[in-house]
Amino acid sequence: MVQYNFKKITKVPTGKDFVDIVLSRTQRQTPTVVHKGYAINRIRQFYMRKVKFTQTNFHEKLSTIIEEFPRLDDIHPFYGDLLHVLYNKDHYKLALGQINTARNLISKIAKDYVKLLKYGDSLYRCKALKGVIAVKNAACERLLDQRVEVKMKSKKINDCLNRFHVAVPKPRDQKERPACIPQAVLEAKAKEAEKEKKKLERDLEEENGGAGVYSASLKKHYLLANDEWKEDNMPEILDGHNVYDFVDPDILQRLEELEKEEGLLQEQDEDEVDMDVEDLTPQQQKELAEIRRKKSVLIREHRIKKSTAESRPIVPRKFDKDKKFTSVRMGRQLSSLGLDPSKAIERVRSKSRGRKRERSTDHGGDDMNVDDDGSNKKMRLRSLSRPRSRSSSRPPTDVVIPGEGYKDSAQKIQAFKMGKKSVYKRNKDARKGEGDRVIPNLKPKHLYSGKRSNGKTTRR
């Protein structure tokens, strides 16, 4: 027979408290912020997650109630009779059955709402399908009316009506007898009514839509010099700077003013240029038109590249065909300026080839004779070899060079000795440097613990 500990049964909250508990948990453990700029799939997933999480919480809570309460067929007859005396068996079974029915109905409603959210095409519609208090109340009312109607049509209703008797007291005279409330109690109630009741978070929650809709603001607890700053938006930091500091609300108006000013300056420049062009010769006018055309092309290219600078990759100069520096291009540009490019091109080519090792062949001259082969060979080798420049040797330790910072040679010798002494221990321990603090495991445990057996000592 099943053993039950009735003291461990979880207390069942009232309907309103039960809903508040579940919705508060949903509010705490799911995201609470959604923006209009999100993709519609992301908005749908946001609200579908809330609906599924709420349905799961309801299912778990109701399942716990059904599983913890004992079954009348499995408990001892003594407890069964006691439960029947304190609380009717039929009502007990009916209550558990209704909880099971409510659990199934919640699962079906959740599935229906998930299907509806899949077809939501905007943030407003998805949100409207979620804050559902009116629908819930209407469903509860219909369910209650249906149960009452079923009970009234049952056969047991006549037997139950015979047991009920409603007593209505009749007045014995025309004298009114109101409730007697002490004067001290009335004065205390009046004082409490005069006091301003402090609003709690629960009161604010009920005023702003209830659990699941209201989100508590943590900003109101900030300690700032001015309380109006509490609801300000948090700054967005980019590269160590506040983005909002660089936002100008009048930027469009200032841009229009700058464009007007630029247009006026261009018109003035054109007027001045037109006045100067009349004094030029036809050839000069043609060259001036070409210069202006090139200038306008450069300005247009610069504006295009500036507008697409963020999305344009950085190309190394050696792979940039548009700006490739070649000798042909240099010669063409120098020729267009009326200069001779031959010497410049020759100099560039001579530098690009690089220098090879050259040996002078004019050594010995007429002094070298063909008759004496051995002496000629030695002289030739001696003449062709070029003496190396002697590398600068390190000065002695006891010599003080100006700029080293030593007072005399004794101080320098002492400093060298101290330096060698400081690195002696580090070199002895085979350290890489001052920051090398590795502690080697000289006796690893897997090699020095346990019984030794025959064979190698590499393992135990």
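Residues numbered from 1 in each chain as written. Predicted model: local features only at pLDDT ≥ 70, side-chain atom pairs only at ≥ 80, totals over all residues. Heavy atoms only, no water.

**As for the overall build of the protein**
Each helix and strand counted, the protein has 16 helices and two strands in total. Here the protein holds 460 residues, and 11% of them are scored as buried. (Helix = DSSP H or I, 4+ residues; strand = E, 2+ residues; numbered from the N terminus. Buried < 20%, exposed > 50% of the residue type's maximum accessible area, 1.4 Å probe, protein only.)

**A look at unusual backbone geometry**
The backbone of A430 shows a phi angle near 60 degrees, a positive value even though the residue is not glycine. Following the sequence through the fold, A430 ends up in the loop between helix 15 (409-428) and helix 16 (445-448). Overall, the relative accessible area of 62% leaves A430 in the exposed class.

**What about the nonpolar core?**
One finds V34, I43, F46, Y47, M48, V51, A110, Y113, V114, L117 and C126 forming the largest nonpolar core, which totals eleven residues. Those elements that provide at least two residues to this core are helix 2 (40-68) and helix 4 (89-118). A per-element tally of this core places helix 2 first, with five residues. The contact partners of V114, leaving out residues within four places of it in the chain, are M48, V51 and K52. One finds V19, V22, I65 and A211 within the second-largest nonpolar core, a separate group that totals eight residues. (Core = buried A, V, L, I, M, F, W, Y, C linked by side-chain atoms within 4.5 Å. Contact = heavy atoms within 4.5 Å.)

**Points about the layout of surface pockets**
For the second largest pocket, the calculated volume is near 680 Å³. Taken together, 17 residues make up the lining of the second largest pocket; nearest its centre are H91, L94, K151, K156 and C160. Elements with a minimum of two residues in the lining of the second largest pocket: helix 4, helix 6 (133-153) and helix 7 (157-163). (1 Å grid on protein atoms, 1.4 Å probe; cavity = no way out; pocket = protein on both sides within 12 Å on 5 of 7 lines; lining within 4 Å. Points joined across faces, edges and corners; volume = space filled by probe spheres on them.)

**Comments concerning a positive patch on the surface**
Taken together, the side chains of K52, K108, K111, K115 and K118 define a basic patch exposed on the protein surface. Inspection of the secondary structure puts K108 in helix 4. On the accessibility criterion, K108 (54% relative accessible area) is exposed. (Patch = residues over 30% accessible without salt bridge, like charges linked within 9 Å, V, L, I, M, F, W, Y side chains within 5 Å. Areas by Shrake-Rupley, 256 points an atom, 1.4 Å probe, with all protein chains shown as cover. Salt bridge = Lys/Arg side-chain N within 4 Å of Asp/Glu carboxyl O. Lys, Arg positive; Asp, Glu negative; His and termini not counted. Charge placed at Lys NZ, Arg CZ, Asp CG, Glu CD.)

**What about a negative patch on the surface?**
A cluster of acidic side chains, namely D250, E256, E257, E259 and E261, defines a negative patch on the protein surface. Relative to the helices and strands, E257 is located in helix 10 (residues 251-277). Judged by relative accessible area, which is 48%, E257 ranks as partly exposed.

**Let's talk about the packing of helix 2 against helix 4**
Their axes nearest at 10 Å, the elements helix 2 and helix 4 cross at an angle of 175 degrees. Between helix 2 and helix 4, the interaxial angle falls into the category roughly antiparallel. Counted together, R44, Y47, M48, V51, K52, Q55, F58, H59, L62, S63, I65 and I66 of helix 2 and I99, N100, A102, R103, I106, S107, A110, Y113, V114, L117 and K118 of helix 4 form the full contact between these two elements. (Axes fitted to C-alpha atoms, helices over the stretch in contact; angles between N-to-C directions. Parallel < 35°, antiparallel > 145°, perpendicular 65-115°, else oblique.)

**Concerning the side chain of R103**
Tracing the backbone shows R103 in helix 4. It is E67 that comes nearest to the buried, bridge-free R103 among opposite-charge side chains, at 5.7 Å. Leaving out residues up to four positions away in the same chain, R103 has contacts with H59, L62, S63 and I66.

**Some points on the pattern of salt bridges**
Pairing between side chains of opposite charge can happen when the charged atoms of each approach one another. Counting across every chain of the model gives eleven salt bridges. Residues K220 and E201 are paired through a salt bridge, measuring 2.4 Å at the closest nitrogen-oxygen approach. In this pair, K220 sits in the loop between helix 9 (201-207) and strand 1 (237-238) while E201 sits in helix 9, placing the two residues 19 residues apart along the sequence. Overlapping salt bridges bring together K16, D20, R202 and E206 as one network.

**Thoughts on the confidence of the model for the protein**
The share of residues in the protein with pLDDT of 70 or more is 80%, and the mean pLDDT across the chain is 77. Between the elements of the protein, mean pLDDT differs from a low of 51, seen in helix 14 (residues 373-384), to a high of 90, seen in helix 15. Confidence drops under pLDDT 50 across residues 358-372; counting only partners more than four residues distant or on other chains, this segment forms nine contacts. Confidence over residues 383-391 falls short of pLDDT 50; this stretch has three contacts with residues more than four positions distant or in other chains. (pLDDT = per-residue confidence, 0-100.)

**What about the packing of aromatic side chains?**
The final tally for this structure, using the stated rule, is four aromatic pairs. Look at F18 and F58: their rings are 5.8 Å apart centre to centre, the planes differ by 40 degrees, and that puts the pair in the tilted class. Pair noted here: F18 is in helix 1 (residues 15-29) and F58 is in helix 2, with a separation of 40 residues, a long-range link. Both rings, one in F46 and one in Y47, keep their centres 5.0 Å apart while their planes meet at 90 degrees; by these two values the pair is edge-to-face. Neither F46 nor Y47 differs from the other in exposure class; each is buried. For R42, the ring lying beneath its charged end belongs to Y38, and the centroid distance is 3.8 Å. (Phe/Tyr/Trp six-rings, centres within 6.5 Å; stacked < 30°, edge-to-face > 60°. Lys NZ or Arg CZ within 6 Å of the ring centre and 35° of its normal.)

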